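# Commentary on secondary and tertiary structure
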Amino acid sequence: LFFALKSMLLCVAYESGLHKMITILIGFLYVVIAAVVSFFVFSRLYGKLEWLSLSMIILSAPAFYIMRERCNTNYCHFFDFQQSDLSAFGAFCAFAGVSLSAIASILAERLFKNFSKGINRRDRRDDFNHGKYYIHRVHLDFSAGLFLSAVWLWQHFLVHDDSLSNTRVLFGQWSAKHYVLVCVHAAQAWWAGLVVMHFSTVTKSLIQTVMGLLGLCIIDPLYGIDQGHNFGIRAVPSLLIAFIVVMSAILFQTGRLNMKFLRERAGVSPEQEVGGFRSLKRYLYSILCGFQENGNQTIPRCNLLVYCLPVFYIISNALQTELTNTASANRFFVPQSLQVGIPLCGLSFAHVLTLQSYGLKGLAEAWNPRSLPKFLLLGLMQSVVSALAGMSMGLGMDSSLYVAMGKIYTPLSLVLGRWILKRRYLWIEWLSVMVLFVASVTLAFMDSSIAGNQSVRPSSAAAILCCAASASMACVYSVTMELALQKGNTPYVVNKIRLDFGAFLWSISFLPVMGYLGIKGHRPDLAYWYYRPSDYWTCIKLGSCDQESGLFVLHNSTADADALAKVGCYCDNGVFLGWGTWLPYAALATGVVYSWLTGKVIENFGTVMRSVLDGFPIVLLWFFISPMASRIPLAAFQAVYYKGPWPFINRAWGKDLMTIVNPLSAITYIEAAAQVRQVATLRQETEEAMHTNGSTGHQELSTDSDDTSSQTGSSWTPDEDECNC
């Protein structure tokens, strides 16, 4: 009945005029509904890693189809929906059909696995009926055929409206492709039932999603521009999204098995996970408050202070990127001057804190000549990173694209961590980091190859290369700084003086270097000795600056004289050019805070975790900070967002979805790493307990199941009043 109702509802949704893209998007909710229903039907509790992987799949796959449908013969357009394309009734029918299909598949899985209460005890002992898939398949197909035949005949004899389906005839005209299609659908339904029987409905839906994307990646290039939806334009981002979906499916299917293997290898009993409302309640409280062991009792723990440092780091990263990009977009400004001011202010701030906390003895330790050389090398690396970053923004680069391209830092941090820091990472950590990296690169390619995404000035290839070089050097700098900070017991604030001193010296030496590179790269305004007009974007249309006299020269002296009188253009040069407004100082303040928090994150969490946290600022930039900045009625911001205000929900839906995938992939790595650490901790505790008690067995873990919680005293059921930070 449910399968028949599903088919009927989807036909009604199609005939209502609902746009096929909306129907496809609703269809991806199938896997979520199946996972939720299986939670209550089978008490199947999926862990955080599985839900994160599932979220990346249901966001990445629609982005693939959206980008495919947008690309037409020779360009990629935005969707322009008509009123009939947005039928609320059609959307409801599509959602109801998808929900019924998922529920029907779960019930069929329950039947195929002989968990249904309709099968009595005698049938379960019957060797002929028990476990015979084809017997259940006959019953299922026969009942579905009866219901669909009833609907078919009802439409033929009673329904004759102007619908898209021809209900006046029973069969119509059949061709060879219709017979082939029927055979393919029958075989697909048969194999889908086998997958559901041996695995699960969620696994079946994941296989269908993965194979659908991979099939289109093969078929679209063969069909050409028209029927292949112009695969040549979107080839790279489409293949990258397909890679993300495949890797996320692998994480979903093997993440739990991997943790089970690690627990068994560590000599720890596998953790039993049972679904139901009680487990759901405990899981929600673990997110809000967390748990910690206190003797034989599990009590809630406040997680707020634990995550303060990463949260502040993420916010400062986003603000520093936006303000620096906006300040550098003004050609009446030298970007390298900002890179000089940040370590100078950081150095002054570190002196004040050191003097307050450790007195003159701390300052003497900070300026110890024997400790300065290695920090001068770190200062050189930091100056190179800052100079390349400033040059990329000075050459013109979108803030979101800057963050996305900087993710080359992420896989490189694991490589250097393995090579230099001698850290071992499991395959699940490598896989999650690769997903994070590919998701970021996908955004960069979607911005450059799919038309209609640019809301600011287009990014140049030189700017992208500078950003990639800056990220690579930043990784080397971060690993080296991690070694320097973690060796010895010197306080961070003391080491910060040495770091900022080296960065300040090298940033001054980079002033002429960046100017020379700017002149060679057709951006002479990056040189502090180069005369440029103010207001730049207004005055450059009227004339230019004479580099010998420093005077403003009109292009057309007669026609532009009145405009010049109104604007008041003049020429100037110098290191601190353009510092007469508040914007450079705001960028300076956020840069100092970001530099300080970067060192703290590296010291406390490491280089790899810092690279993972860098996946979050892009969401703030894309959905909040950049749209709000585009609405600020100041010339500096209007010069960047010259096409008008940036919408909070961009019409590039595919890029919106992939932007959300970035932090999800970062959280996936954090969760995978946390599970690996948990297993290592449990193994250490087990070995200590065995050594203390002289036991030869292994330690049993308390579980979240309803049975064990009533028998052991170590489990804790949270109440509403107990979850207080």
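Structural data are supplied above this passage.
Cut-offs and rules
- Residues numbered from 1 in each chain as written.
- Predicted model: local features only at pLDDT ≥ 70, side-chain atom pairs only at ≥ 80, totals over all residues.
- Heavy atoms only, no water.
- Helix = DSSP H or I, 4+ residues; strand = E, 2+ residues; numbered from the N terminus.
- Buried < 20%, exposed > 50% of the residue type's maximum accessible area, 1.4 Å probe, protein only.
- Contact = heavy atoms within 4.5 Å.
- Areas by Shrake-Rupley, 256 points an atom, 1.4 Å probe, with all protein chains shown as cover.
- Salt bridge = Lys/Arg side-chain N within 4 Å of Asp/Glu carboxyl O.
- Core = buried A, V, L, I, M, F, W, Y, C linked by side-chain atoms within 4.5 Å.
- Arc of directions from axis to C-beta.
- Disulfide = S-S within 2.5 Å.
- Phe/Tyr/Trp six-rings, centres within 6.5 Å; stacked < 30°, edge-to-face > 60°.

Take the overall build of the protein chain next. Helix and strand content of the protein chain: 27 helices and six strands. Across the 725 residues of the protein chain, 49% fall into the buried class. For the protein chain, the proportion of contacts with a sequence separation of at least 24, taken over those separated by at least 6, is 78%. Total accessible area on the protein chain is roughly 35,600 Å²; 64% of this is exposed by carbon and sulfur atoms.

Within the structure shown, the criterion is met by nine salt bridges. Here Asp141 makes a salt bridge to Arg137, at a shortest N to O gap of 3.2 Å. In this pair, Asp141 and Arg137 both sit in helix 7 (residues 133–158), four residues apart, roughly one turn of the helix. Relative accessible area serves as the criterion here: at 40%, Asp141 is assigned to the partly exposed category. Overall, the relative accessible area of 10% leaves Arg137 in the buried class. Residues joined by salt bridges that share partners form a network here, namely Lys20, Arg68, Glu69, Asp220 and Arg234.

Moving on, we come to the nonpolar core. The biggest cluster of nonpolar side chains holds 85 residues, and the ones touching the most others in it are Val202 and Met658. Ranked by the residues each element gives to this core, the list is headed by helix 4 (residues 48–70), at 12 residues. Once residues lying within four places of it in the same chain are set aside, the contact partners of Val202 are Val31, Ala34, Ala35, Ser38, Tyr46 and Phe252. Among the nonpolar cores identified, the runner-up in size contains 18 residues, and Leu378, Met381, Tyr492 and Ile602 belong to it.

Buried residues of helix 2 (residues 20–27): Met21, Ile22 and Ile26, and no others. End-on view of helix 2: buried residues confined to an arc of 140 degrees, all on one side of the axis. Check the buried side of helix 2 and you find it contacts helix 3 (30–41), helix 4 and helix 5 (88–112).

This next bit is on the state of the cysteines. A full pass over the atoms with the stated rule returns two disulfides. Across the disulfide from Cys539 sits Cys569; the S-S distance is 2.0 Å. Residues Cys539 and Cys569 are joined by a disulfide whose S-S torsion is about -95 degrees; by sign, that bridge is left-handed. With Cys539 in helix 20 (residues 536–539) and Cys569 in the loop between helix 21 (561–567) and strand 6 (570–572), this residue pair connects regions lying 30 residues apart in the sequence. For the pair shown, Cys539 and Cys569 are each scored as buried. Disulfide partner of Cys545: Cys571, at an S-S distance of 2.0 Å.

Among the secondary structure elements, Val494 is positioned in helix 19 (residues 492–520). A relative accessible area of 2% places Val494 in the buried class. Placed 143 residues apart in sequence, Val494 and His351 show a C-alpha to C-alpha distance of 8.2 Å. Sequence-distant contacts of Val494, defined by excluding residues within four places in its chain, comprise Thr354, Tyr358, Gly362, Glu365 and Ala366.

If you walk through the whole model with that rule in mind, you get 14 aromatic pairs. Between Phe39 and Phe40 the ring centres are 4.8 Å apart and the planes differ by 90 degrees, which places this aromatic pair in the edge-to-face class. Of the residues examined, Phe40 reaches a relative accessible area of 39% and is grouped as partly exposed. For the ring pair Trp579 and Tyr585, a centre distance of 5.2 Å and an interplane angle of 85 degrees mean the geometry is edge-to-face. Using a relative accessible area of 45% as the deciding quantity, one classes Tyr585 as partly exposed. Put simply, the rings of Phe333, Phe576, Trp579 and Tyr585 touch in pairs and so form one group of aromatic residues.

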